[in-house]
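A structural walkthrough
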Amino acid sequence: MTVAVYQLRPGELVRRRDGTVARADSSVTLIETPEMNILVDTGATNPDELVEALEARGGVDAVILTHSHTDHVANAPALAEALRPDFYAGEEELNDLPVDAEPVTAFDPPEGVEIVPTPGHTPGHVSVVVEDRLVIAGDACPTPDNALERKPPALAVDPEAAERSLRKVLKYPVVVPGHGIHVREEP
Ligand SMILES: [Zn+2]
């Protein structure tokens, strides 16, 4: 296999009994290809530990931010300073990021990696597909439960688009949700 995927952090999403979010930290996923290392989302806690983990794997060349919510991007400035990768996100997310980023359309992904628009949760949300079988879904599929119950994200600027985007990401056999460990379909 020429492309390897590591879910460096599973992240978490803790809700109170009334459904409001008590604590949120995104999953952080590294894609290693012969040409470059790509990180998808940065999470929001322990930036130093994340920088060390990435340095141990040879650094990171590009960071794809699925969307601009703080729990997915808050570690981006620390990564920018320590590792100087290029950042990319969906066009509609760019103004809300804590770092300078280019639109994903300006990114030329290596073989086996594809960036797909998955709007709905936010207007410019994107997901990253690896070798047509694994998708790093961000909050197009926020938790393993969303995948297992085929339930779109509760929070969506466009609920119909969010529903379509969920169906799109669930076509792939392995789904890395925005928070929590990946979900794998039995072969
Ligand atoms: Zn979000």
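Residues numbered from 1 in each chain as written. Predicted model: local features only at pLDDT ≥ 70, side-chain atom pairs only at ≥ 80, totals over all residues.

**Remarks on the sheet that holds strand β10 (residues 126–130)**
We count it as follows: The criterion for strand pairing is that DSSP finds at least two bridges linking the strands in question. What counts as a helix is a DSSP run of H or I of at least four residues, what counts as a strand is a run of E of at least two, and both are numbered from the N terminus.
Reading across the sheet, the 5 strands line up as β9-β10-β11-β12-β13 and stay open at both edges, with mixed pairing between neighbours. What marks the edges here is a single partner per strand, and that holds for β9 (113–117) and β13 (183–184). Of the strand pairs in this sheet, β9 and β10 are connected by 5 bridges, and their pairing is antiparallel. Across the sheet, the residue bridging to Val116 is Ser127, located in β10.

**Some words on the nonpolar core**
So the rule is basically this: A set of buried Ala, Val, Leu, Ile, Met, Phe, Trp, Tyr and Cys residues, joined through C-beta atoms within 7 Å, is what we mean by a nonpolar core. Neighbour density around each residue's C-beta defines its exposure: 20 or more other C-beta atoms within 10 Å make it buried, 12 or fewer make it exposed, and counts between make it partly exposed, where C-beta atoms are placed from the backbone. Here, residues touch in the contact sense if the C-beta positions derived from the backbone fall within 7 Å of one another.
Residues Val63, Ile64, Leu65, Val128, Val135 and Ala137 are the most contacted members of the largest nonpolar core, which totals 41 residues. Residue contacts for Leu65: discarding those within four places in its chain leaves Asp41, His72, Val73, Ala76, Phe87, Ala89, Glu93, Leu97 and Ala101.

**Describing unusual backbone geometry**
Of note in the backbone geometry, Asn46 takes a positive phi value of approximately 45° without being a glycine. With respect to the helices and strands, the residue Asn46 is situated in the loop between β5 (37–40) and α1 (47–56). A residue is classified by how many C-beta atoms lie within 10 Å of it, and Asn46, with 14 of them, is partly exposed. Here Arg150, not a glycine, exhibits a phi torsion of approximately 50°, which is positive. With respect to the helices, strands and loops of the structure, Arg150 is situated in the loop between α4 (144–148) and α5 (159–169).

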